[in-house]
Amino acid sequence: MSDLWPRIEPLLAEVEKPARYIGMERGSRQPAWAPHKVAWLLIYPDTYEIGLPNQGLQILYEILNERGDAVAERAYAPWVDLATSLRARGIPLFSVDTHRSAAYFDILAFNLSAELVFTNVLDLVDLAGVPVRSEDRTFEHPIVLAGGHCAFNPEPLAEYIDAFVIGEGEEVVSEITEVVAAHKRAATLPGARRGREAREQMLRELASITGVYVPSMYEVSYDGPHIAAVTPRYPEVPAKVAKRTVADLDDWPYPKQQLVPLIEVVHDRLNVEVFRGCTRGCRFCQAGMITRPVRERSAESVRTMVREGIARSGYDSVALTSLSSADFSGIGDVVGDLVTDQVGTGQVSVSLPSLRVDAFTVGIATEIQKVRRTGLTFAPEAGSWRLRQVINKLILEEDLYAAVDSAYANGWRRVKLYFLTGLPTEMDVDTLGIAELARNVVEVGRKHTKQASVTVSVGGFVPKPHTPFQWFGQNGVDEMQRKISLLRDDVRPRRGGTGPIQLKWHDAEASFAEGLCSRGDRRVGRVIERVWRAGGTFQEWSERFALDRWMEACAAEGIDADWYVTRHRSRDEILPWDHIEAGLHKDFLWDDWQEALAEHGLPDCRWTPCYDCGVCTDLALEHVVASPIPPAGGSQGTGQQLVDVDAGATAVRFLGRKPAGVQ
Amino acid sequence: MRGGASYPVRLQFAKTGKIRWISHRDTARAFERAFRIEALPLTFTQGFSPRPKVSFGLALSTGYESDEEYLDVSFSETLDLDKLPARLCAALPTGLAVTGVAELDERAPALQEIVTVVTWTVAVGRKDEVALTAADFRAGVDALLERDEVTITRSRKGRFVQDDVRGAIRQCVIVDTTDSDNDGGVVCELETSTQPRGAKPHDVLGALMQVTPAVGPLMERRVVRTHQWIERDGARVSPLDADTRRRVVMARAS
């Protein structure tokens, strides 16, 4: 009855990568539906290969399916070829687990990990047969939910998403399930109201759950272009929505059965999260700010998850994930154990996707990558010491060269460096410093091998909400392109041909559209809707992106894109996300912004006294760190040195743009 | 134990249902993971990047099903072959099922070299709304088989090449003309050679349409590889019986 498979399968012979749509991964479920159960469709609004590995989605999939009153299935954005043929035949969005129509679910829950997927969210709601705007939905339609990092500025999607989850989902999904289950039960009683009012009542109850933001419960008033106030419409609706945070990761050893895809995906390995949160305080990094405080998993729990995960999945590699894995207190011991305790049939490789830049870290990398030692990635992020102080990424040049020297001495052949351009206070001397660092890295490598080369990836900086840089006016397209040209000219070999430095850069036009969504308010929603209606889906994919479509949409809606993207904000301005609380006090962020402009770094509070950012005190939580002393080799004091052991682990922001490893 | 003892085994397996949409390479990875899940004592290639010694037979196109696929794998110690199919079935995705195993001779030639004939069951219909009749299809097959050579353009390793397909077609027999699930259609049994250059059912339909355009735009509705054969001294031998010793064959479901 509800199985769409017989209608979908005949379309698969004509589409790219048909296995994206079959499900059947090891670890996937065929949950038993029942009328009283709340059915969740967890949707990743990008391709299967990008979405399948998402740990947040997999964690909720397991937690919900363990409940007696819920079922959870998954969906991913069908690529343009299949989406077109589904629409032509009137076939709706479907789950990959049982191939049920999305319309059968009570909740469509979207994972928002990047702003440029927003148009896909509208597209998928529409493909599900649900009105794209919240106001047009009735009790018969699913509740449209969204969570993930981009939910920390929910305003651009406020007219389209019924409710946002702010922060971590492990606990709140159960509370949401209970509210929806009660309303489902009530709706079956004789004389029950089932219209718009019933939906409004359910949304009001959802708005009372801590961490749930229901945009339609808030009135936004404007004073000219500026926001004058954001006011709750009912007394029980909180004026500010606080994020959810789980206290102890050891209580949540998920995913227990990580999905093992049948086709190649990004991060195609066992992933075990070793800690959440980061207090290194890189000022450009939204993830580090909004996921505080630091909560480590115990070393024993990490070992168990790795051992069981490898045995169950058949993977031959495991990544210990976090925002800076070398900061994990037990890193040396755990890595040592993993390497000696060759699990399963042996030949298991370990990777640490985010490490600091220092010799200690390269030492660990060397220990774990006994085979397949190909490339190491370091992320100094800025080309000069001055600018690295501004962004609070305090890597000394000597640290970088020592790390590179050690990498080459240990047999690595390729070094990648990640940088941002368009950072606050950046001058041309800083931009050109990127080329200078790259040349010096090549020199260091040449001592070991004539073939030494370096790949330099440059991303355009997009200021993010809830960071000290949220007030900064992003560089416009022309300025960002000028800086990239400057760099290109500087690294181009004098005598032609390809030199030892390969430069890759992020499309400045895509950064501009990202900036509009990142710090937009409710009025930007109509721009997103227009871009979607004009066919602008999969905007993370360079071959599908066109800034013209965005600018035309802005013009049609009377929106001045520059006002949102390149304008510096003032201290007293009400920011569109001020009623969403990530835990960091606005005063703290402002002070840190001033410290940045004064070129002052700020120490990591895990090993130095608290400077009261607000997170621990407001959440009544503490950093959970096993060791009271900084990890060995942390020579830089506050250094935020990140290194990436290159096992297919590229910085997330490049994944969507360069689907090279995916295609 | 690198360079140590080696016990080669040949596996026969089926690939049916939704899993037909994964590629040959994906199938290989699913097996390698199943071997690791069952902690089987694999042997590895020497070198910088050791790989388990597994050698797959003829590739099966994405979207095709098969009752009979083969792979050879080498273990570092002897195993209870009776239990092996069930162990692997539990570790493999639904739709991939090990149906037989046999101990393989140490120096058995590679599957890709010695399998010379394969048989297929192909359900054919028309891409447009028109029903395909058995008479039209039979006429098309006859016209195709009368030719000595039919050259079609097909893509091989990402390049378009001109290949004769007729040489690879040994037989094509219509076995069913009542395809009741669909509006009209024909089921045929096709036998093709794999050497020097094979032909997929897709290529055969392409050649048929080229010779008889009036047969209409044909499409494969379902393709199942039913057998693979090694030809030796004028006889056909199953790969489970060639160069092997002890064999364990599972009862086929249905």
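Values in this document were obtained by computation on a predicted structure and should not be read as measured data. As a convention, each chain's residues are numbered from 1 in the sequence order in which they are written. Chains carry letters from A onward and ligands carry numbers from 1 onward, assigned in written order. At least 70 in pLDDT is required for a residue's local features to be given in this predicted model, at least 80 for side-chain atom pairs to be given and counted, and no such filter applies to totals for whole chains, interfaces and linings, which use all residues.

1. A short note on the overall build of chain B
Along chain B, the regular secondary structure elements total five helices and twelve strands. Based on the C-alpha atoms only, the size of chain B along its principal axes is roughly 60 × 35 × 35 Å. Here exposure depends only on C-beta density: within 10 Å of a residue's C-beta, 20 or more other C-beta atoms make it buried, 12 or fewer make it exposed, and intermediate numbers make it partly exposed, the C-beta atoms being placed from the backbone. Among the 254 residues that make up chain B, the fraction classed as buried is 35%. For every residue pair, C-beta atoms are placed from the backbone, and the pair is scored as a contact if these atoms sit within 7 Å. Within chain B, contacts between residues at least 6 apart in sequence are counted, and of these 74% link residues at least 24 apart. Runs of H or I in DSSP of at least four residues are treated as helices and runs of E of at least two as strands, each being numbered from the N terminus.

2. Things to note about the overall build of chain A
Looking only at helices and strands, chain A features 22 helices and 20 strands. Its C-alpha atoms give chain A a radius of gyration of 24 Å, within 12% of the compact-globule value 26 Å for 663 residues. In terms of overall dimensions, chain A has C-alpha extents of about 80 × 65 × 50 Å along its principal axes. When each of the 663 residues of chain A is scored for burial, the buried share is 54%. Each radius of gyration reported is based on C-alpha atoms, and the globular scaling rule is 2.2 Å times the count of residues to the power 0.38.

3. Considerations on the nonpolar core
One finds A:Trp40, A:Leu108 and A:Leu145 to be the most contacted residues of the largest nonpolar core, which totals 246 residues. Dropping the residues within four chain positions of it, A:Trp40 is found in contact with A:Leu64, A:Ala70, A:Ala72, A:Phe105, A:Ile107 and A:Ala109. Each nonpolar core reported here comprises buried Ala, Val, Leu, Ile, Met, Phe, Trp, Tyr and Cys residues connected via C-beta atoms within 7 Å.

4. Describing the interface of chain B and chain A
Where interface size is given, it is often the accessible area lost as the parts come together that is meant. The interface of chain B with chain A comprises 20 residues on the first partner and 17 residues on the second. With six residues, helix α1 (residues 24-37) of chain B is the largest single contributor of residues to the side of chain B that touches chain A. Taken together, the residues that form the side of chain B that touches chain A break down as twelve nonpolar, four polar and four charged. For this scheme, ten residues count as nonpolar: Ala, Val, Leu, Ile, Met, Phe, Trp, Tyr, Cys and Pro. Four count as charged, namely Asp, Glu, Lys and Arg, and the remainder, Gly too, count as polar.

5. Brief notes about the packing of helix α15 (residues 477-491) of chain A against helix α16 (residues 508-518) of chain A
Residue and element names in this part refer to chain A. As a rule, the C-alpha atoms of each element are fitted with a line to give its axis, helices using only the stretch in contact, and angles between N-to-C directions run from 0 to 180 degrees. α16 packs onto α15 with a crossing angle of 145° between their chain directions and a minimal axis gap of 9 Å. By crossing handedness, the relation of α15 to α16 is classed as right-handed. Contact residues: Val 477, Met 480, Gln 481 and Ile 484 in α15; Ala 508, Glu 509, Ser 511 and Phe 512 in α16. Crossing chirality is assigned from the near helix's rotation relative to the far helix, an anticlockwise turn below a right angle marking it left-handed and a clockwise turn marking it right-handed.

6. Here's the deal with the sheet that holds strand β1 (residues 38-44) of chain A
All names here are of chain A. If you trace the six strands from one edge of the open sheet to the other, you get β2-β1-β3-β4-β5-β6, paired in mixed fashion. Because the sheet does not close on itself, it has two edges, and the strands there are β2 (70-76) and β6 (212-213). The pairing of strand β4 (residues 143-147) with strand β5 (residues 163-165) spans two bridges and is classified as parallel. Across the sheet, the residue bridging to Ala 146 is Phe 164, located in β5. In this scheme, strands are said to pair when DSSP sees at least two bridges between them.

7. Brief notes about the sheet that holds strand β13 (residues 317-321) of chain A
Residue and element names in this part refer to chain A. Ordered in space as β10-β13-β14, the three strands form an open sheet in which the pairing is parallel. Both outer strands of the open sheet, β10 (270-273) and β14 (349-351), are each paired with one neighbouring strand and no more. Pairs of neighbouring strands in the sheet enclose a mean axial angle of 25°, with direction left out of account.

8. Digging into the confidence of the model for chain A
Each residue carries a pLDDT score, the predictor's confidence in it, ranging from 0 to 100. Per-residue confidence for chain A averages 89 on the pLDDT scale, and 91% of its residues sit at or above 70. Confidence drops under a pLDDT of 50 for residues 632-663 of chain A, and excluding neighbours within four residues, the segment shows 97 contacts in the predicted structure.

9. A short note on helix α4 (residues 134-146) of chain B
All names here are of chain B. Given the number of residues in a helix, its expected span is that number minus one, multiplied by 1.5 Å. Helix length check: α4, at 13 residues, gives a terminal C-alpha distance of 18 Å against a target of 18 Å (1.5 Å per residue), a fit within 8%. Among all positions of α4, only Phe 137, Gly 140, Val 141 and Leu 144 are buried. Viewed along the axis of α4, the buried residues span an arc of 100°, placing them on a single side of the element. Across from the buried face of α4, at angles greater than 90 degrees, the exposed residues are Ala 135, Asp 142 and Glu 146. For α4, the elements touching its buried residues are β5 (115-126), β8 (169-176), β9 (186-193) and α5 (201-211). What the arc covers is the set of directions going from the helix axis to the C-beta atoms.

10. Observations regarding the environment of B:Gly63
Within the secondary structure, B:Gly63 sits in the loop between β2 (54-56) and β3 (65-75). Discounting residues that sit within four places of it in the chain, B:Gly63 has contacts with A:Ala13, A:Pro18, B:Arg20 and B:Trp21.

11. Some words on the pairing of β13(A)
All names here are of chain A. Of all five residues in β13, four are buried, a share of seventy percent or more. As paired elements, β13 and β14 share three bridges and run parallel to each other. Bridge pairing in β14 places Ala 319 opposite Ser 351.

12. Concerning the confidence of the model for chain B
On average, chain B scores 91 in pLDDT, and the residues at 70 or more come to 94%. On the interface metric, ipTM, the complex scores 0.92, and its pTM is 0.93.

13. Points about the environment of B:Asp82
Its place among the elements puts B:Asp82 in the loop between β3 and α2 (84-91). The exposure class assigned to B:Asp82 is exposed, which follows from the 10 C-beta atoms found within 10 Å.

14. A word on unusual backbone geometry
Residue A:Pro293 follows A:Arg292 across a cis peptide bond; omega there is -5°. Mapped onto the elements of the fold, A:Pro293 is located in the loop between α8 (286-290) and β12 (295-296). A cis amide bond, omega 0°, links B:Gln195 with the succeeding residue B:Pro196. Among the secondary structure elements, B:Pro196 is positioned in the loop between β9 and α5. Phi angles above zero are rare outside glycine, and A:Met24 is one such case at about 70°. In this structure, A:Met24 sits in the loop between α1 (5-12) and β1.

15. Comments concerning the packing of α4(B) against α5(B)
Residue and element names in this part refer to chain B. It is the contact of α4 with α5, at a shortest axis distance of 9 Å, that shows an interaxial angle of 90°. Taken as axis vectors, α4 and α5 run roughly perpendicular relative to one another. Between α4 and α5, the residues in contact are Gly 140, Val 141, Ala 143 and Leu 144 and Ala 207, Leu 208 and Val 211, respectively. Taken together, the residues of the contact of α4 with α5 break down into six nonpolar, one polar and no charged. When describing relative orientation, an angle under 35 degrees is termed roughly parallel and one over 145 degrees roughly antiparallel, while 65 to 115 degrees is termed roughly perpendicular and anything else oblique.

16. Looking at the environment of A:Val38
All names here are of chain A. Assignment of secondary structure puts Val 38 in strand β1. Along the chain, Val 38 and Ala 247 lie 209 residues apart, while their C-alpha atoms are 26 Å from each other. Beyond its immediate chain neighbours, meaning those up to four positions away, Val 38 contacts Asp 69, Ala 70, Asp 106, Ile 107, Thr 177, Val 180, Ala 181 and Lys 184.

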